[in-house]
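Structural overview for review
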Amino acid sequence: MDFRLIVFSFSLWLWPSWADTVTELDELSAIVYQYPSDALSSIAIIEQRLNDKNSTPIPRLRLSLLKCHALVQLGENEAAINLARMGDAKAKSLDIQQASPYFLNCMAEAYIDYGDLRQALTLLDTAIYQSREFEQPQSLVNGLMLRGQIDTHIENDSSALEDFRLARDIYPAALRQPTQWITPPQAYLQLARAKLLRKKGQLNQSFNTAKLALTYPQTIGKVRLNILLALAKIAHENQEVKFRDDMILEAKILMPELATANELAESYTELAEVEFLRNNDKNAIQLLNIALNTFNKNKKINDSLRATRLLARIQLANGEEQQGLDLMQQAIAIGQRTNQYDELVICYQLLSEYFVGMGNYRQAYHYQLQRVDSIKSSYEFLKNTRLLQIKAQLGRYQKLAQNQPPKPIKLDARINDNYGLIAILVFALLLPLLMLLSRLRKEHTAPQMPHQDAPLTAQERMLALIASAKQIGYPITILLINPSHLAPSNVATLLDEVRQKLRQQDIMLDKASDQLLIMLPFTSLSGAKEIVKQLKAVIAPLPGGDKVRIGMAEMQYYDTLSSLTKRAGIDQLSRHNEQLGR
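Now for a description of the structure that goes with this document. (Residues numbered from 1 in each chain as written. Predicted model: local features only at pLDDT ≥ 70, side-chain atom pairs only at ≥ 80, totals over all residues. Heavy atoms only, no water.)

Focus on the pairing of strand β1 (residues 476–481)
Going by this rule: Here's how the labels work: a residue is buried when its accessible area is under 20% of the maximum for its type, exposed when over 50%, partly exposed in between, all with a 1.4 Å probe on protein chains only. Helix and strand labels come from DSSP, where a helix needs a run of H or I of at least four residues and a strand needs a run of E of at least two; each type is numbered from the N terminus. Between any two strands, at least two bridges found by DSSP are needed for them to pair.
In terms of burial, β1 is largely enclosed, as 6 of its 6 residues are buried. A two-sided burial pattern is seen for β1, the buried positions comprising I476, I478 and L480 on one face and T477, L479 and I481 on the other. Bridge analysis of β1 against strand β3 (residues 515–521) gives 6 bridges, and the strand direction is antiparallel. Paired with L479 across the two strands is I518, which belongs to β3. Bridge analysis of β1 against strand β4 (residues 550–554) gives 5 bridges, and the strand direction is antiparallel. Each residue of the ladder has a partner; that of I481, found in β4, is I550.

Points about the nonpolar core
As a reminder of what qualifies: By nonpolar core is meant a set of buried Ala, Val, Leu, Ile, Met, Phe, Trp, Tyr and Cys residues that side-chain atoms within 4.5 Å join together. Two residues qualify as a contact provided that any one of their heavy atoms is within 4.5 Å of a heavy atom in the partner residue.
The biggest cluster of nonpolar side chains holds 114 residues, and the ones touching the most others in it are L28, I227 and M328. The element contributing the most residues to this core is helix α11 (residues 221–237), with 10 residues. Once you skip the residues sitting within four places of it in the chain, I227 turns out to touch A187, Y188, L191, A210, A213, L214 and T219. Membership of the second largest hydrophobic core comes to 22 residues, among which are L479, V491, I518 and L542.

A short note on helix α12 (residues 241–254)
To keep it simple, the criterion reads: To estimate how far a helix should reach, multiply one less than its number of residues by 1.5 Å. When we speak of the arc, we mean the arc of directions from the helix axis to the C-beta atoms.
For α12, spanning 14 residues, the distance from its first C-alpha to its last is 20 Å, which sits close to the expected 20 Å at 1.5 Å a residue. For α12, the complete set of buried residues consists of R244, M247, I248, A251 and L254. Buried residues of α12, viewed axially, fall in a sector of 125°; they line one side. Structural note: α12 exposes K242, L249 and I253 on the side pointing more than 90 degrees away from its buried face.

Brief notes about the packing of aromatic side chains
Under the convention used in this document: Each Phe, Tyr or Trp ring, with Trp reduced to its six-membered ring, pairs with another whose centre is within 6.5 Å; inter-plane angles below 30 degrees give stacked pairs, above 60 give edge-to-face pairs, and intermediate values give tilted ones.
Counted according to the given criterion, the structure contains 6 aromatic pairs. Ring centres 6.1 Å apart and planes at 80° place the aromatic pair Y33 and Y188 in the edge-to-face group. Within this pair, whereas Y33 is found in the loop between α1 (2–29) and α2 (36–52), its partner Y188 is found in helix α9 (residues 186–199), the two being separated by 155 residues in sequence. Given a relative accessible area of 3%, Y33 falls into the buried group. Aromatic pair F207 and F243: ring centres 5.1 Å apart, planes at 80°, arrangement edge-to-face. On the criterion of sequence distance, the pair formed by F207 in helix α10 (residues 203–213) and F243 in helix α12 is long-range, its members being 36 residues apart. A connected cluster of aromatic rings, assembled from ring pairs, spans Y348, Y354, F355 and Y367.

Quick notes on the pattern of salt bridges
Inclusion rule: We define a salt bridge as a side-chain nitrogen of Lys or Arg found within 4 Å of a carboxyl oxygen belonging to Asp or Glu.
Scanning all chains against the criterion turns up 23 salt bridges. Here K92 ties to D88 by a salt bridge, and the two come within 3.4 Å at their closest N and O atoms. Taken as a pair, K92 and D88 lie in helix α4 (residues 77–93) at a separation of 4 residues, close to a single helical turn. Residue R278 pairs with D245 through a salt bridge whose shortest N-O separation is 3.3 Å. Of the two residues, R278 sits in the loop between α13 (261–277) and α14 (281–297) while D245 sits in helix α12, which places them 33 residues apart along the sequence. The network of salt bridges with shared partners includes R244, D245, K252, E275 and R278.

So this is what it looks like as structure tokens:
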């Protein structure tokens, strides 16, 4: 009894220190995204105090996590990755498994900043799985938001939209979580959704969604600055000129609050893009030169690539051809060295458009070929990433199955199962009888206008088949035909002939962009080639039919209808280029 009294008294003595530490960490988590440099200074002071005391492991882990996120916000990605790895290992050694997904998210965010989406996606899948397993809504919100940002970048819009929706629904639960770690600002989630809507061309919705991000209490400091710069771009595209200028003015006032050269350089790059859109090329060039000096000095390779590409674009627009081409080649060299295929696609597209404007179609065609090769590499890179994710998921499920011992089957359980099976069989026998009686009853009643759902469009049927194929595992192949070389009367003839050649389960979609899309369910690439031969026999006799090319793509697990159509388009363009080369 005396011993328990001593322990109780000791815990009361330690309680004020514990409460002060928790309060300090809560306050720190509220400024990590907004004022990361100040947060890092406060973390160093608290670290020293915790080292002097025999503190419990959870505050130490949380402090390491806050430091990790502060480092990411300051652009210190290598240090953040190392700290996250140590934090994850420490959490596992202390058997505090719920901390692990938070460190994985921080590591993934640093890899995203590096441009290494493969590493980031693999880490985020694991973090999201663990967040659900250990019931950690705060890490789940962050993981979903980061994965949605990657899906937006690689044009997997449906997956990104679902991730953002789930993160938004979970956010209130994250704020009520009993053990607090760190939650990303709700404004960033709002901005991520706005960027997705902007990419889909829904500018009004994007503008209103981004404006809402300014109203949250956490939208201060660096968070507000990032929202202002992003909102200025969206406002420009939405032709909200005055609002755009107001956002830029406020952003310029906030910039001196940034404490490090890297943060300032990143903001200068974003501001330079808006200034270029406003035709303030001189200001944009000055900002980019300052930013590039910082990026090159601190070896920020990916930031340097984006800034160099933008500077090259401005120089080309101003007629400084040689300087612009040299800068663009520098950006391409960085992209090739770091496997930044998406950046390479943008660079080649800009060069192609420039030479089209100059009337140099041969050079424009050359860069279009380079662009197509980069798109192929990008899809191949993404496919390998998705395969790694699937393997990781299968490994987790196998490990889970091995760790769960088989449950003994009890006699009464078997009896209950048998009764259940008998009930199902009886219901299956009675169901046709009930349907027949219902039909006979309807025949004797007065006829009524039937209420039916609107039939699915061809595109909706295609989306449904892709979703079904991913669940069941049957193959789907897409054919893409560009009938622009045919006269309008011959196009109508072609559509009739194609409909006669297709099977009952095949779907044809006549797209507005002079593209004929055909989906072949339960058909592999080899089977689709036989159908293509039949279609070519129909197309070839038509005037201009020898110029019509058919692109093919077989569905992979990661595919959406958009990505599948794009791969078919790449295949179509490759066949066209092969024909030109002969």
